[in-house]
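Below, each chain spelled out in residue letters.
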Amino acid sequence: MMAVYEYKVVPAPERGRKGKGVKGPRERFANALQTVMNELGAEGWEYLRADTLPCEERSGLTGSTTTYQNMLVFRRVLSTYVTKSVAKPKALPAPEAAKAAETALSRAPDKAVPSIIPERGSDATDQAAAAAAAAALTAYRESTSGGAPKLGPATGRTQKPD
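Cut-offs and rules
- Residues numbered from 1 in each chain as written.
- Predicted model: local features only at pLDDT ≥ 70, side-chain atom pairs only at ≥ 80, totals over all residues.
- Heavy atoms only, no water.
- Core = buried A, V, L, I, M, F, W, Y, C linked by side-chain atoms within 4.5 Å.
- Buried < 20%, exposed > 50% of the residue type's maximum accessible area, 1.4 Å probe, protein only.
- Contact = heavy atoms within 4.5 Å.
- Helix = DSSP H or I, 4+ residues; strand = E, 2+ residues; numbered from the N terminus.
- Polar contact = N/O pair within 3.5 Å; in protein donor to acceptor, adjacent residues only side chain to side chain.
- Patch = residues over 30% accessible without salt bridge, like charges linked within 9 Å, V, L, I, M, F, W, Y side chains within 5 Å.
- Areas by Shrake-Rupley, 256 points an atom, 1.4 Å probe, with all protein chains shown as cover.
- Salt bridge = Lys/Arg side-chain N within 4 Å of Asp/Glu carboxyl O.
- Expected span 1.5 Å × (residues − 1).
- Arc of directions from axis to C-beta.
- Pairing = 2+ DSSP bridges.
- Axes fitted to C-alpha atoms, helices over the stretch in contact; angles between N-to-C directions.

Novice: Any chance you could explain the nonpolar core here in plain terms?
Specialist: Across soluble globular proteins, nonpolar side chains have a tendency to be buried as a group. Counting residues in each nonpolar core, the largest one holds six residues, listed as Val 10, Ala 12, Leu 40, Trp 45, Leu 72 and Phe 74. Apart from residues lying up to four places away in sequence, Leu 72 is in contact with Lys 8, Val 9, Val 10, Ala 12, Pro 13, Leu 33, Val 36, Tyr 47, Arg 49 and Ala 50.

Encoded structure:
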């Protein structure tokens, strides 16, 4: 199930708000913040985070300065939809996957490189795909051993440009 959100960004309060039993500047500021959060929460907005972001403002006739604004970010669910899962085919056990790879190689032309793309998923799928790929690579190496270079690690030698 997946949700689509709507976001609302409001400036954080700059001054505290008086309230019953609220004393001192820190408590007044916390009260102002709490009031904003409760008002938006009653409208269905969920508090997400507070950000301090740069804001370019005009200064004088042609100049500009950068100030930093404290913003409160809220979100609420717009809609929810269910994603359909696609049924994955069952993986063959490793010996059967190797036989299937050998059968595919015997039908392929001598110089063709087999295309085996393993499905990601369970460990059994990964093991079967690895076995099939190993079998295919071994069969390919054996079929191309007559003059074609074998696949393997680089030797460190570079070819001269023509």
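Novice: I tried to follow the environment of Tyr 81 on my own but got confused; where do I start?
Specialist: Mapped onto the fold, Tyr 81 is located in strand 3 (residues 63-81). A residue is classified by how much of its surface remains accessible, and Tyr 81, at 39% relative accessible area, is partly exposed. For the pair formed by Tyr 81 and Met 1, sequence separation is 80 residues and the distance between their alpha carbons is 5.8 Å. When near neighbours in sequence (up to four residues on either side) are disregarded, Tyr 81 contacts Met 1, Met 2 and Val 4.

Novice: Would you mind going over the side chain of Asn 31 with me for this structure?
Specialist: When you line up the elements, Asn 31 lands in helix 1 (residues 25-42). Polar side-chain contacts of Asn 31 include one of 2.9 Å to the backbone oxygen of Arg 17. In this view, Asn 31 contacts Arg 17, Lys 18, Gly 19 and Val 22; residues no more than four positions away in its chain are not counted.

Novice: Honestly, a nonpolar patch on the surface in this entry has me stumped. Any pointers?
Specialist: A cluster of nonpolar side chains, namely Met 2, Val 4, Leu 78 and Tyr 81, defines an oily patch on the protein surface of about 370 Å² accessible area. Of all the secondary-structure elements, those providing two or more residues to the nonpolar patch are strand 1 (2-11) and strand 3.

Novice: Would you explain helix 1 in this entry?
Specialist: Under the 1.5 Å per step criterion, the end-to-end length of helix 1 is 26 Å for 18 residues, consistent within 8% with the ideal 26 Å. Buried within helix 1 are the following residues: Asn 31, Ala 32, Thr 35 and Leu 40. For helix 1, the arc enclosing every buried residue in end-on projection is 160°, short of the 170-degree limit, so these residues lie on one face. Buried residues along helix 1 sit against strand 1 and strand 3.

Novice: Would you explain the sheet that holds strand 1 in this entry?
Specialist: One key point about sheets: their strands pair by backbone hydrogen bonds, in either a parallel or an antiparallel sense. The three strands are arranged 1-3-2 in an open sheet whose pairing can be described as antiparallel. Two strands close off the open sheet at either side, each with one partner strand: strand 1 and strand 2 (46-59). Geometrically, the sheet is characterised by an average inter-axis angle of 30° between neighbouring strands, direction not taken into account. Bridge count for strand 1 against strand 3 is 10 bridges, and the pairing is antiparallel. Directly across from Glu 6, in strand 3, lies its bridge partner Arg 76. Against the sheet, helix 1 makes contact with strand 1, strand 2 and strand 3, and its axis sits at roughly 35° relative to strand 3, the strand it touches most.

Novice: Any chance you could explain the pattern of salt bridges here in plain terms?
Specialist: Pairing between side chains becomes possible if they bear opposite charge and their charged atoms approach one another. Considering all chains together, one arrives at three salt bridges under this definition. Among the ionic pairs, Glu 6 bridges to Arg 76, the shortest N-O distance being 3.1 Å. A residue pair is termed long-range when its members are at least 10 positions apart, and Glu 6 in strand 1 and Arg 76 in strand 3 qualify at 70 residues. Residue classification places Arg 76 among the partly exposed positions, given a relative accessible area of 28%. Taking the shortest distance from any N to any O, the salt bridge between Glu 46 and Arg 75 comes out at 3.4 Å. You can see Glu 46 sitting in strand 2 and its partner Arg 75 sitting in strand 3, a full 29 residues away along the chain.

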